[in-house]
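# Reading the structure
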Amino acid sequence: MMLSKRDLDCVVIDGAEVSAEEFAANLKKAWQLRALTDPTKYVMASSDASEEQISLSGKSDFENEILPRIKEYLLPSLFDNKFNGLEIGCGIGRLLEHASPFFSMLYGVDICKDLLDIAANRLSILSNITLVETDGLSLKGIADTSINLVYEYIVFQHIGSMQIIRNYIHEISRVLKPGGVAVLHGRDEHAFSIDSFSGNTWHGIKTGPDCMRDCIQGTQLSIRKEEGEGTTRYWIVLQKES
């Protein structure tokens, strides 16, 4: 029996009672079910979207949310097309499609194989994109100090485990080249607290300034810029030591 959207959104896994590995395994299962149920509903809030709708939504999000934040830091060299990029939680490749012209190689990672299969079919003509299925805990498959720019958009807001967020930040530090930048989106309002939906596989923990300051401890990352504190549109730019 196929689970409903409410079933998939509202089942709570007690993050305090399971390991990060167990939580990641549950998260992977949940996203596989979402992909089988209606993939575009979960990645762009539009049920059974057409290819044109998928492409246009990705173009809008990349040009309005990601590109302006990239240009501030990497503009002089970005358009020389000599940078390696990485998108965390690439799903069906909505953003990858429009980010690809700015990179010599662009990696997209996701925990859901079915979403990656859709992305592979959609983006097959783009030779500079590599898709990698991850374990939900790490960026395994991405080499150390190989990436100039990491970006993530509306992904961390679905992760209900502080340890997994911390793992990703440490992995970002590992894969970035010295001086490389990570542009990350989070929610610093209307996120679910420990006593409500922490552990839910749709509604993640609050990923605001306090969370990020905790997560960068022990890494080579420092904060370059923050915006949207106290809102659902919190952004942080991290840079690795040169």
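Positions within a chain are numbered from 1, following the residues in the order the chain's sequence is written. Two thresholds apply to this predicted model, a pLDDT of at least 70 for residue-level local features and 80 or more for giving and counting side-chain atom pairs, whereas whole-chain, interface and lining totals are computed over all residues. Hydrogens and water are ignored here; the side-chain numbers use all heavy atoms of the structure.

### Some words on the confidence of the model for the chain
Per-residue confidence for the chain gives a mean pLDDT of 86; residues scoring 70 or more make up 84%. pLDDT measures how confident the predictor is about each residue, on a scale from 0 to 100. Numbering of helices and strands runs from the N terminus; a helix is a DSSP stretch of H or I covering at least four residues, while a strand is a stretch of E covering at least two. No element of the chain has a lower mean pLDDT than helix 1 (residues 5-10), at 54, and none a higher one than strand 3 (residues 129-133), at 98.

### Topic: the state of the cysteines
Cysteine sulfur atoms that pair up within 2.5 Å are treated as a disulfide. All told, the structure shown has 0 disulfides when counted by the stated rule. Free cysteine Cys90: the closest other cysteine sulfur is in Cys112, separated by 10.0 Å. Cys215 carries a free sulfur, and the closest cysteine sulfur to it, the one in Cys211, is 4.0 Å from it. Here's how the labels work: a residue is buried when its accessible area is under 20% of the maximum for its type, exposed when over 50%, partly exposed in between, all with a 1.4 Å probe on protein chains only. Residue Cys215 is classed as buried on the basis of its relative accessible area of 0%.

### Some details on the pattern of salt bridges
For salt bridges, the criterion is a side-chain nitrogen of Lys or Arg within 4 Å of an Asp or Glu carboxyl oxygen. Inspection of every chain in the model, using the stated rule, returns 13 salt bridges. Here Glu51 ties to Arg122 by a salt bridge, and the two come within 2.9 Å at their closest N and O atoms. Pair noted here: Glu51 is in helix 4 (residues 51-78) and Arg122 is in helix 6 (residues 113-122), with a separation of 71 residues, a long-range link. Note on Arg122: relative accessible area 15%, which makes it buried. Note that Arg233 and Glu65 form a salt bridge whose closest N and O atoms lie 2.8 Å from each other. Taken together, the positions of Arg233 in the loop between strand 6 (221-227) and strand 7 (234-240) and Glu65 in helix 4 put the pair 168 residues apart, joining distant regions of the chain. According to the relative accessible area criterion, Arg233 is partly exposed, its value standing at 38%.

### A look at the sheet that holds strand 4 (residues 147-152)
Note: two strands are recorded as paired if DSSP finds a minimum of 2 bridges between them. With mixed pairing, 7 strands are arranged side by side in an open sheet as 3-2-1-4-5-7-6. In this open sheet, the two edge strands, each paired with only one partner strand, are strand 3 and strand 6. Direction aside, neighbouring strands of the sheet carry axes that sit 15 degrees apart on average. The pairing of strand 1 (residues 84-88) with strand 4 spans 3 bridges and is parallel. Looking at the pairing, Gly85 lines up with Leu149 of strand 4. Axis lines are fitted through C-alpha atoms, for helices just across the contact stretch, and the angle between N-to-C directions can take any value from 0 to 180 degrees.

### Notes on the pairing of strand 5 (residues 176-186)
The buried count for strand 5 comes to 9 of 11 residues, which makes it a mostly enclosed element. Bridging between strand 4 and strand 5 involves 5 bridges; their strand directions are parallel. Bridge pairing in strand 5 links Tyr151 to Val183. Relative to strand 7, strand 5 is paired through 6 bridges, and the arrangement is antiparallel. Counted as the bridge partner of Leu184 is Ile236 from strand 7.

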